[in-house]
Protein chains: 2
Amino acid sequence: MKNITIKDIALKAGVAPSTVSAVLNGKTRESRISEQLASRVRGIAADMGYQPNQTAVALRTGKTRVLGLIVEDISNVFFASLAKIIEEEADSIGYKVLYCSTENNEEKARERIRMLSQRQVDGFLITPTPGMRAEIDRLASQHKPLVLMDRYFPGLSVPHVVVDNYDGTQMAMQHLLEKRYRRIAFVTILLDQVQMHQRRQAYEDSLRVAGIPVEENLVLQLPYHCKPEESVQQIREFISENQGLDAIFFATNYVGVYGLEAIKDLGLSIPGQLAVICFDDHDIFRLYSPAITIVKQPVALIAQTAMQLLIRQFEKGAGTPRSSGSFQVLQPAQLVIRAST
Amino acid sequence: MKNITIKDIALKAGVAPSTVSAVLNGKTRESRISEQLASRVRGIAADMGYQPNQTAVALRTGKTRVLGLIVEDISNVFFASLAKIIEEEADSIGYKVLYCSTENNEEKARERIRMLSQRQVDGFLITPTPGMRAEIDRLASQHKPLVLMDRYFPGLSVPHVVVDNYDGTQMAMQHLLEKRYRRIAFVTILLDQVQMHQRRQAYEDSLRVAGIPVEENLVLQLPYHCKPEESVQQIREFISENQGLDAIFFATNYVGVYGLEAIKDLGLSIPGQLAVICFDDHDIFRLYSPAITIVKQPVALIAQTAMQLLIRQFEKGAGTPRSSGSFQVLQPAQLVIRAST
DNA sequence: CTGAAAGCGCTTACAG
DNA sequence: CTGAAAGCGCTTACAG
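Just so we're clear, the structure is a prediction, and the values are computed from it rather than from any experiment.

**Looking at the overall build of chain A**
Next up, step 1: When helices and strands are counted, chain A shows 12 helices and 12 strands.
Next up, step 2: In chain A, of all internal contacts separated by at least 6 residues, the share reaching a separation of at least 24 is 67%.
Next up, step 3: Surface summary for chain A: the accessible area is close to 14600 Å², and the carbon and sulfur share equals 51%.

Okay, here's the thing in structure tokens:
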């Protein structure tokens, strides 16, 4: 069953393909096509079940109406939620989205950008890995519509939307300190990314300001590709070795999940014996324990803002030079206190 | 910065575009192009940073190397996990994937299929809603490569991969009955889909076989678009009104999440006062409570099998008529007993 | 061994 | 008011 083309319609209607095109694109005014002819053509198109071939349109117009979404791991709640909102926003302006996961694999990440470029996506939405810096810089210099999410490259003038990680962490530390917690551990993942550095920095700064010495051994860094069981094991040992811990700050929900398992294994009550705060991408801890305080990332807001920044770039068009400043949008993280931590 | 085309390379190399195309596509043998010329052309292409325009390739060859993935909700762990595996499998054969969520909205679902068709996707991977039946049937009759996942249409001969819901539910019920649980509730979501019917059916049949009367009031059906708080509230009331409940079987993790919250609210211990079994798409209950038994869906296996079925259709090509039978693949669900429920 | 030509399905000036 | 022509960037017979 061959696809119906504009030519088939033209043939049946006894007009030229260009006339059909004009009618179907609502250019009857510009082309001064009679309403009578137009509605006849429309009728025929509908009868034949015409579906425009978007590949042809894309080739001709240079617009694919496809967005490229590159995240760390689409199966992770945070990124999946981002993807959902982005899909909705994209849909509302007639765009579809192609997704890719990088797994924080630099090689893969670069290859993904290349592939999406070849697929001629009209714009990129990326949660970049450190190794993508050069690639991102190149895209930006080519004026490819592009927005970074969740992370960014200090020094690169590329539109991005991130939460204020420093501020969020500080808020949480403040909260713990006010409640008189003193021996606060920091469990994180070994990842060379701005937001991780900022969280760590805020943790240390908060302690210093409160006059509490920063103890190296109160910080645990798990390797990135650490297996679940091993992560749990390491955190368990970490807690056992540091008797007298008041509280633990988990820098990401990746480690938070394992941390909670470790705490459960050790039979410690939250917040009775150990207060827990976690930088939470989403609301996955809702059920685990109501006594866990959350530094919550506004996923929907991040995605929506990112889409707005992207659309703004579309509107500018390739012609207009981009404003020199980067459209930095900092959205403070929100502290959600579920119980008297 | 204009994109480099095959023409630019041809110009620089002093050959015809078709020669460049042949070289870049490794058709040097068929076209009997000298290795010398070939490597010179390849060198120039590399120097110029040539990136083939896939839109043009797609239009010319009729293959976009894009797959359309339609799920209920990409932000749900189950579908996000499916998406992840599908991405990996697709990537391994040079495909990208366009995703869409239906939200179980029939209108939207149909529109999604239309859009993806217009985008000329080479194949579809769909977790269908009941209302997509006609659309799916049409796609299949057009020999569009297509695989349904997680659900299917009895009577439609369309390749699909689903877990054996009846069997899985039965296994779980068997487990409860052996442990001498007698008043077992069934909490589900109001959804007109085969897999839901099968789970319900298995629940009732299991009771009957065990000589236990099926009580209407031990079954709770929540509306599909029920708000979180309201769902929790309803389940809470349901439990309170049915004193003497032994166990609850949650037919999906959608309701399971709310159910656990309700149980927590009521201060009931698991499995002490109430045994809990849940049909779990993924492993999201791992931390909630180790005492929850899970009927686990093999997400990775579903996705991989689906991709295999799709590839098989690609290989057949449009020419060969499809084998009349549907490639039904039933993969039994797995019972994961975490504690002595 | 290599190149000229046609064509995938559209849209966009442009000519009448 | 409407149509013929060119062209988006490729690939694929086909001619030499």
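**Some details on the interface of chain B and chain A**
When the parts of a complex come together, some accessible area is lost, and that lost area is often taken as the interface size.
Next up, step 1: With 52 residues of chain B at the contact, the number on the chain A side is 52 residues.
Next up, step 2: For the pair chain B and chain A, the summed buried surface comes to about 4800 Å²; carbon and sulfur atoms form 54% of the total.
Next up, step 3: In this structure, the connection of chain B to chain A is made through seven salt bridges.
Next up, step 4: Asp91(A) is the salt-bridge partner of Arg112(B), the closest N and O atoms lying 3.3 Å from each other.
Next up, step 5: The interface formed by chain B and chain A includes 20 residue pairs in polar contact (both at pLDDT 80 or more).
Next up, step 6: For the side of chain B that touches chain A, the secondary-structure elements that each account for two or more residues are α4 (54-61), β1 (66-71), α5 (77-92), β2 (96-101), α6 (106-118) and α11 (253-265) of chain B.
Next up, step 7: Of all the elements, α5(B) adds the most residues to the side of chain B that touches chain A, at seven residues.

**Topic: the relation of the copies chain B and chain A**
Next up, step 1: Take chain B, turn it by 180°, move it 0.0 Å along the axis, and it overlays chain A with an RMSD of 0.0 Å. These values place the two chain copies in the arrangement generated by a two-fold rotation axis.
Next up, step 2: When the interface residues of chain B are mapped onto chain A, 100% of them again fall at the interface, so both copies present the same face.

**Side note on the protein's contact with DNA strand C**
Next up, step 1: Surveying the vicinity of DNA strand C reveals 26 residues, the closest of which are Ser21(A), Arg60(A), Ser31(B), Arg32(B) and Arg60(B).
Next up, step 2: Among all atoms of DNA strand C positioned within 4 Å of the protein, those belonging to sugar or phosphate total 59%.
Next up, step 3: Between Ile6(A) and DNA strand C, the recorded distance is 3.0 Å, taken from a backbone N or O atom to a phosphate oxygen.
Next up, step 4: If you list the elements that add at least two residues to the surface near DNA strand C, you get α2 (17-24) and α4 (54-61) of chain A together with α2 (17-24) and α4 of chain B.
Next up, step 5: Looking at the surface near DNA strand C element by element, the count peaks at four residues for α4(A).

**So, the pattern of salt bridges**
Residue and element names in this part refer to chain B.
Next up, step 1: Scanning all chains against the criterion turns up 31 salt bridges over all chains.
Next up, step 2: Its salt-bridge partner being Arg200, residue Glu216 comes within 3.8 Å of it at the nearest N-O pair. Taken as a pair, Glu216 in the loop between α9 (194-209) and β7 (219-222) and Arg200 in helix α9 lie far apart in primary sequence, 16 residues in all.
Next up, step 3: You can call Glu216 exposed: its relative accessible area is 57%.

**Concerning the protein's contact with DNA strand D**
Next up, step 1: What surrounds DNA strand D is a group of 26 residues, the closest being Ser31(A), Arg32(A), Arg60(A), Ser21(B) and Arg60(B).
Next up, step 2: The sugar-phosphate portion of DNA strand D accounts for 59% of its atoms within 4 Å of the protein, the bases making up the rest.
Next up, step 3: Separating a phosphate oxygen of DNA strand D from a side-chain N or O atom of Thr19(A) is a distance of 2.9 Å.
Next up, step 4: At 3.0 Å from a phosphate oxygen of DNA strand D is found a side-chain nitrogen or oxygen belonging to Lys27(B).

Rules and cut-offs
- Residues numbered from 1 in each chain as written.
- Chains lettered and ligands numbered in written order.
- Predicted model: local features only at pLDDT ≥ 70, side-chain atom pairs only at ≥ 80, totals over all residues.
- Heavy atoms only, no water.
- Helix = DSSP H or I, 4+ residues; strand = E, 2+ residues; numbered from the N terminus.
- Contact = heavy atoms within 4.5 Å.
- Areas by Shrake-Rupley, 256 points an atom, 1.4 Å probe, with all protein chains shown as cover.
- Buried area = accessible area lost by both parts, 1.4 Å probe.
- Salt bridge = Lys/Arg side-chain N within 4 Å of Asp/Glu carboxyl O.
- Polar contact = N/O pair within 3.5 Å; in protein donor to acceptor, adjacent residues only side chain to side chain.
- Least-squares fit on C-alpha atoms with pLDDT ≥ 70 in both.
- Near = heavy atom within 4 Å.
- Buried < 20%, exposed > 50% of the residue type's maximum accessible area, 1.4 Å probe, protein only.

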